[in-house]
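Chain and residue survey
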Amino acid sequence: MSNMRSEAWIGEEIERLRGKSMERRLSVFGEAGGKIRVDGRVFLNFSSNDYLGLSRHPEVVSASRKYLESYGCGATASRLITGTLNPHDELEQVIARAKGYPAALVFGSGFLANAGVIASLAGRSDHIFADKLAHASIIDGAVLSRANLKRFHHNDPEHLGTLLRRCPASGRRLVVTESVFSMDGDIAPLREIASTALEYEAMVMVDEAHATGVFGPNGAGLIREYGLENEVNVSMGTLSKALGGYGGFVACSSDLRQLLVNRARAFIYTTGLPPAAVGSALGALAVLEKTAEAGSELLARAAVFRQRLRDGGLDILNSQSQIIPVLIGENSKTLAMAQRLQSKGILSVAIRPPTVPEGTARLRLSVTLDHSEGDLERAAEEIIRAVNDEY
Ligand SMILES: *Cc1c(COP(=O)(O)O)cnc(C)c1O
């Protein structure tokens, strides 16, 4: 007897998603990056997080290869057992220095870093305050912590202040935000958020997933740019976006790191990052140390592209970064737009709920250094034409 009947609900669930234009499917690509070949045709890919092209950078690839060949394919154990190799130690020192913190701790991914850190800093009787648009991994970390979770209005330190004021006196408080928002490309008022948190003796954690490598001196991020290393307790980042590889990390005080080593289940109960991934991160950070202008060059190109889209009458929300949303609204319309652009050689993913709020489906465009000024000009023209025709 087959047990397929117990799975009947799954088909219904998928059917329901399809009906709301919310079903998502995996696409398979032959290569990654800002400009890719698909079936022999070159596409401008606006969905890659490889902002600086470091995933294919010769020095990064060769650093990764060197660590792979010296240390093998795997860390072979969890970090607290025998899975902390020299490369992990070296990477954590380099990250701490780059971010301007006394210490750093590397996790298996950015998702694991957020989940592990948040659940270590807050527990059942504590309070977490997260920006309304915070990444899913921040929210999952908060859920995992079992703390009381409050969402403050997007980029609104005043509302954060109100929530903190109303918060019971007992329990620890943790404020979490992103510096560059992953779906809107706007920037958090970090100084105001930090000073509000300080006023209410709350810890502050900032997710710099999309700022690392792009903003700040040598890509150190916005905490560093604003000089907030003493106000922000936890500087979180990922090795998987501008750094072109895989893994996550936090930079923090030595005590906080030591607490995480003892408490963060997403750090303790999983195998250490493979040496090749550690090597690629070290290679990428070494390249950034030498090429201070990569991030500012990217941001300059993105600024021209944003202005061009705005001049074309598009709603790009408050984007201030290399991430540029083009608000469409309806799911099916957004999907149709993405398909139309694809036929013009432009890959942009239709971002729909639950990733973004209901009714705010959008095309999300990420500019990378693989996109020349000419590429961006051509893309802007096509995008403006697609959006305006459809309306
Ligand atoms: C991508 C992302 C993460 C997760 O990082 P990974 O290394 O891809 O797991 C966390 N936070 C934000 C804001 C992100 O955009």
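Every chain begins its residue count from 1, and numbering advances along the sequence as written. Since the coordinates come from a predicted model, pLDDT governs what is reported: local features require at least 70, and pairs of side-chain atoms require 80 or more to be given and counted, while whole-chain, interface and lining totals use all residues. Only hydrogens and water are set aside; all other atoms, that is, all heavy atoms of the structure, feed into the side-chain values.

A word on the sheet that holds strand β11 (residues 346-347). The strand order across the open sheet built from three strands is β1-β2-β11, with neighbouring strands paired in mixed fashion. Each end of this open sheet is capped by a strand with a single partner; those strands are β1 (35-38) and β11. For β1 and strand β2 (residues 41-45), the ladder comprises four bridges, and the chain directions are antiparallel. Note on β2: the bridge partner recorded for Lys35 is Leu44. Paired strands, in this sense, are two strands between which DSSP finds at least two bridges. Strands here are runs of E lasting at least two residues and helices are runs of H or I lasting at least four, both read from the DSSP assignment and numbered beginning at the N terminus.

For the rest of this paragraph, the subject is the layout of surface pockets. Definitions used for this entry: grid spacing 1 Å over protein atoms alone; cavity, a set of points where a 1.4 Å probe fits but cannot get out; pocket, an open set with protein on both sides within 12 Å along at least 5 of 7 lines; lining residue, one with an atom within 4 Å of a point. Grid points are joined across faces, edges and corners, and a volume is the space filled by probe spheres set on the points. Space inside the largest pocket adds up to approximately 1200 Å³. Lining the largest pocket are 36 residues, with Arg25, Ser27, Phe29, Ser47 and Val349 positioned closest to its centre. Those elements that place two or more of their residues in the lining of the largest pocket are β1, β2, α13 (331-343), β11 and β12 (349-351). In this classification, Asp, Glu, Lys and Arg are treated as charged, Ala, Val, Leu, Ile, Met, Phe, Trp, Tyr, Cys and Pro as nonpolar, and every other residue, Gly included, as polar. In terms of residue class, the lining of the largest pocket is built from 15 nonpolar, 13 polar and eight charged. Residue ranges for the domains trace back to a domain assignment, done automatically or taken from a database. Split by domain, the residues of the lining of the largest pocket number at least three in each of domain 1 (24-51 + 293-390) and domain 2 (57-290). What the second largest pocket holds in volume is close to 350 Å³. Lining the second largest pocket are 17 residues, and of these Ala134, His135, Ala136, Met183 and Thr355 lie nearest its centre. Residue contributions to the lining of the second largest pocket reach at least three from each of two domains, namely domain 1 (24-51 + 293-390) and domain 2 (57-290).

Further remarks concern the site of the ligand. Lining the immediate environment of the ligand, one finds 15 residues, of which Asp207, His210, Thr238, Ser240 and Lys241 sit closest. Contact distances for the ligand include 2.6 Å between an oxygen atom and a side-chain N or O atom of His210. Throughout this description, a polar contact denotes any pair of N or O atoms lying within 3.5 Å of each other; where both atoms belong to protein, one of them has to be capable of donating a hydrogen while the other can accept it, and for residues adjacent in sequence the pair is counted only when both atoms sit in side chains. Contact distances for the ligand include 2.6 Å between an oxygen atom and a side-chain N or O atom of Lys241. For the area figures, the Shrake-Rupley method with a 1.4 Å probe applies, and any residue is considered shielded solely by the protein chains shown. Across the complex, the protein chains shield 87% of the 380 Å² of accessible surface that the ligand would expose by itself. The element that contributes the greatest number of residues to the shell around the ligand is helix α4 (residues 110-121), accounting for three residues. Split into classes, the residues belonging to the shell around the ligand amount to two nonpolar, ten polar and three charged. For this description, a residue counts as near a given molecule or strand if any of its non-hydrogen atoms is within 4 Å of it.

You can see Ser348 is positioned in the loop between β11 and β12. In contact with Ser348, other than residues within four places in its own chain, are Ser47, Ala338, Leu341, Leu363, Arg364 and Leu365. Any two residues having at least one pair of non-hydrogen atoms within 4.5 Å are treated as being in contact.

On to unusual backbone geometry, then. Most of the time, phi is negative for any residue but glycine, and the peptide bond is trans. For the peptide bond that leads from Pro353 to Pro354, omega is 10 degrees, which places it in the cis range. The topology assignment puts Pro354 in the loop between β12 and β13 (361-366). Its identity as a non-glycine residue notwithstanding, Asp39 has a phi of 50 degrees, on the positive side. Tracing the sequence through the fold places Asp39 in the loop between β1 and β2. Unusually for a residue other than glycine, Asn218 sits at a positive phi of about 50 degrees. As for its position among the elements, Asn218 is in the loop between β7 (203-207) and α8 (222-226).

Moving on, we come to empty space enclosed by the protein. Taken as a whole and judged by the stated rule, the model has one cavity of 30 Å³ or more. Each pocket or cavity is described by its volume, and for the largest cavity that value is around 70 Å³. Forming the walls of the largest cavity are Arg79, His88, Val106, Phe107, Gly108, Ala266, Phe267, Thr270, Thr271, Gly272 and Leu273. Elements that contribute at least two residues to the lining of the largest cavity include exactly β3 (103-107) and α10 (265-268). Of the residues in the lining of the largest cavity, the class split is five nonpolar, five polar and one charged.

Interface size, as often reported, equals the accessible area lost upon joining of the parts. Taken domain by domain, the protein chain consists of domain 1 (24-51 + 293-390) and domain 2 (57-290). Taking only C-alpha atoms, the centre of domain 1 and the centre of domain 2 are 27 Å apart. At the junction of the two partners, domain 1 supplies 21 residues and domain 2 supplies 16 residues. Buried area counts how much accessible surface, traced with a 1.4 Å probe, disappears from two parts once they are put together, with both parts' losses summed. When the two sides are added together, the surface that domain 1 and domain 2 hide from each other amounts to roughly 1400 Å², 61% of it contributed by carbon and sulfur. Salt bridge criterion: a side-chain nitrogen from Lys or Arg within 4 Å of a carboxyl oxygen from Asp or Glu. Our enumeration of links across domain 1 and domain 2 arrives at one salt bridge. Among the ionic pairs, Asp184 bridges to Arg362, the shortest N-O distance being 2.8 Å. Looking at the side of domain 1 that touches domain 2 element by element, the count peaks at four residues for helix α12 (residues 294-311).

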